[in-house]
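Breakdown of the fold
So the chains spell out like this:
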Amino acid sequence: MFESAELGHTIDKRTFRAEVQKLREAFLEAQFELRERGKFQVLVLISGGDGAGKGETINDLYSWMDPRYLSARAFSMPTEEELAHPFMWRFWNGLPPKGRIGIFSGSWYSRPIHRRIIGEIDQAFFDQRIDQINRFEAMLANEGALILKFWLHLTKEGQKKRFKTLEKDPRTAWRVTKASWERLKTYDKLQEVASHLLRLTNTSWAPWTVVESADDCYRSLTVGKLVLDALQKRLADKKEREYPVAPPISPKTDSLDVLTALNLNQSLDRKTYQLRLAGALGRLSELVRLPEFSKHSLILVFEGSDAAGKGGTIRRMSRAFDARQYQIMTVAAPTQEELAQPYLWRFWRNVPKKGRIAIFDRSWYGRVLVERVEGFCTEADWLRAYSEINDFEHELMGDGAIVLKFWLQISEDEQLKRFKEREATVFKRYKITDEDWRNREKWDDYHQAVCDMVERTSTGLIPWTLVEANDKQFARVKVLETVCDRLEGVLFGKKDEPRETHDGNKSKIKPEKTEDKSKS
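The following refers to the structure shown.

Cut-offs applied
- Residues numbered from 1 in each chain as written.
- Predicted model: local features only at pLDDT ≥ 70, side-chain atom pairs only at ≥ 80, totals over all residues.
- Heavy atoms only, no water.
- Core = buried A, V, L, I, M, F, W, Y, C linked by side-chain atoms within 4.5 Å.
- Buried < 20%, exposed > 50% of the residue type's maximum accessible area, 1.4 Å probe, protein only.
- Contact = heavy atoms within 4.5 Å.
- Axes fitted to C-alpha atoms, helices over the stretch in contact; angles between N-to-C directions.
- Helix = DSSP H or I, 4+ residues; strand = E, 2+ residues; numbered from the N terminus.
- Parallel < 35°, antiparallel > 145°, perpendicular 65-115°, else oblique.
- Nonpolar A, V, L, I, M, F, W, Y, C, P; charged D, E, K, R; others polar.
- Pairing = 2+ DSSP bridges.

**So, the nonpolar core**
- Ranked by internal contacts, the top residues of the largest apolar core, which has 73 residues, are Trp92, Trp108, Leu344, Trp348, Trp364, Tyr365 and Met453.
- Once residues within four sequence positions are removed from consideration, Met453 is found in contact with Tyr365, Val368, Leu369, Tyr386, Trp407, Ser458 and Trp464.

Structure follows, in structure tokens:
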């Protein structure tokens, strides 16, 4: 894979300077058009071995472009804060907005490569991480991002020569450390691991380019020209980019579905409700304060019909939590900042770290509900969103998050009754808007969208809980008891089995004797 980058390419400095002048002018024009259109972002990944010139290449790109609309991120060892979040969290937070170029020195590839070389993770976990990265990049490409990946290559002898040259110059000697020479001993292992990774991640939507790095002028000019060429081609392409990513929605043949099958007449009397609510709140309060919970995060997703009682359920549930432990995210229409990023970006940035709780009052499912029904995105967008959402949730779960999703369903008549009650109650009038009445006119469209959502995103590990919510008391108790049951199952169930963490380490939790509070 690296043979074509060991041929001895060189460019003399005179030719380099002449080419750079033309390159700089073209880059500034392309940047201006990219910024004005604001339709997509550009991600440039600069990877390779020590001494291959990653830093010099990035510095050259900075000098050729307008740095005000350029960002560079260097990802080294993750911090404690980053380790407390899922693996991809810090990279989502580092994405540039649409209309800008982001350069990554060290990226989502660096740590898996390093950990595979030193034997911290096995081949299976490494390949699992590669698959996760491929899906991440595919999602970004489907959202319009232009992804350019460069591997800067030096031979083993070339790397050794580069180290010696750098050490001789007092201005650059600091860049060669004892660790650099130690890593040179693993050169062959790096080539093996990198070759495998490049082969599996060299996709049509995010291809790799291997660049020979023995000659500084050749390396930087090659990368610069390839970035400019790809950017100009994308800017010249006026066609809408659509990808066939999911099978079509199956037509209905009868009136039976997951919503019509619900018995909405279930209810609880006041005394039973108060006893079960208090019991569930007590259980939940104890569960989230256990030492075992510190190894997890809790993510609760609430979707449902307008006026189905999401807010009331959340308000009562929050009584069980320490105010410093949880955050409620009320999701409305995206802001301009959020529209400049892939649609999952605003949810990734609010993913809680271990030991914390995030409650989403509406969520990422807006893509397959309101955006689908109201035409705010294309059919291709919401069709591919099912698999992207499943990937997102299972990444969270793989890192130890406990994810529960609730759909609160009420009848059309019950919704009308609650709308009228809100209009007649002074302190509830703010809850009813013209948009709520408009949505009622599309009841059947939303009904179908919910059924499709449940069918395609209710997975075995992260299922939907459908809540019969005509009786608010019944709905609140069902939600709370479901959360308690799930927490107890995760914290105390099958505790002697090893679990893969997102770092690829095996962990065991010894079971403890606990009182069965579900019977109290």
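**A few points about the packing of helix 1 (residues 13-37) against helix 2 (residues 54-64)**
- It is the contact of helix 1 with helix 2, at a shortest axis distance of 9 Å, that shows an interaxial angle of 60°. As far as their axial angle goes, helix 2 and helix 1 are oblique. Judged by residue contacts, Phe16, Val20, Leu23, Arg24, Phe27 and Leu28 of helix 1 engage Leu61, Ser63 and Trp64 from helix 2.
- The class makeup of the residues in the contact of helix 1 with helix 2 is seven nonpolar, one polar and one charged.

**Here we look at helix 12 (residues 310-317)**
- For helix 12, the tally of buried residues reaches six of eight residues, placing the bulk of the element in the interior.
- All of the buried residues in helix 12 are Lys310, Gly312, Thr313, Ile314, Arg316 and Met317.
- Residues of helix 12 that are buried sit in contact with helix 11 (270-287), strand 6 (297-304), strand 7 (326-330), strand 8 (357-361), strand 9 (401-409) and helix 20 (472-492).

**What to know about the sheet that holds strand 9**
- Here five strands make up an open sheet; going across it, the order is 7-8-6-9-10 and the pairing parallel. Of all strands in the sheet, those bounded by a partner on one side alone are strand 7 and strand 10 (464-468). Across the sheet, the mean angle from the axis of one strand to that of its neighbour is 20°, orientation sign disregarded.
- As judged from the five bridges shared by strand 7 and strand 8, these two strands associate in the parallel manner. Bridged to Gln327 within strand 8 is Ala358.
- With respect to the sheet, helix 12 is in contact with strand 6, strand 7, strand 8 and strand 9, its orientation differing from that of strand 6 by roughly 155°.

**Examining the sheet that holds strand 3 (residues 101-105)**
- With respect to topology, five strands assemble into an open sheet ordered 2-3-1-4-5, the strand pairing being parallel. Each having just a single partner strand, strand 2 (70-74) and strand 5 (208-212) make up the two edges of the open sheet. Between one strand and the next, the sheet's axes are offset by a mean angle of 20°, whatever the strand orientation.
- Of the strand pairs in this sheet, strand 2 and strand 3 are connected by five bridges, and their pairing is parallel. Considered in strand 3, the bridge of Leu70 is made with Ile101.

**A short note on the pairing of strand 6**
- Strand 6 sits mainly inside the fold: eight of its eight residues count as buried.
- Both faces of strand 6 are covered, namely the face carrying Ser297, Ile299, Val301 and Glu303 and the face carrying Leu298, Leu300, Phe302 and Gly304.
- Here strand 6 runs beside strand 9; their pairing, made up of eight bridges, is parallel. Looking at strand 9, one finds that Ile299 is bridged to Val403.
- Sheet topology places strand 6 next to strand 8; five bridges connect them, and they run parallel. Within strand 8, the residue paired with Ile299 across the bridge is Ala358.

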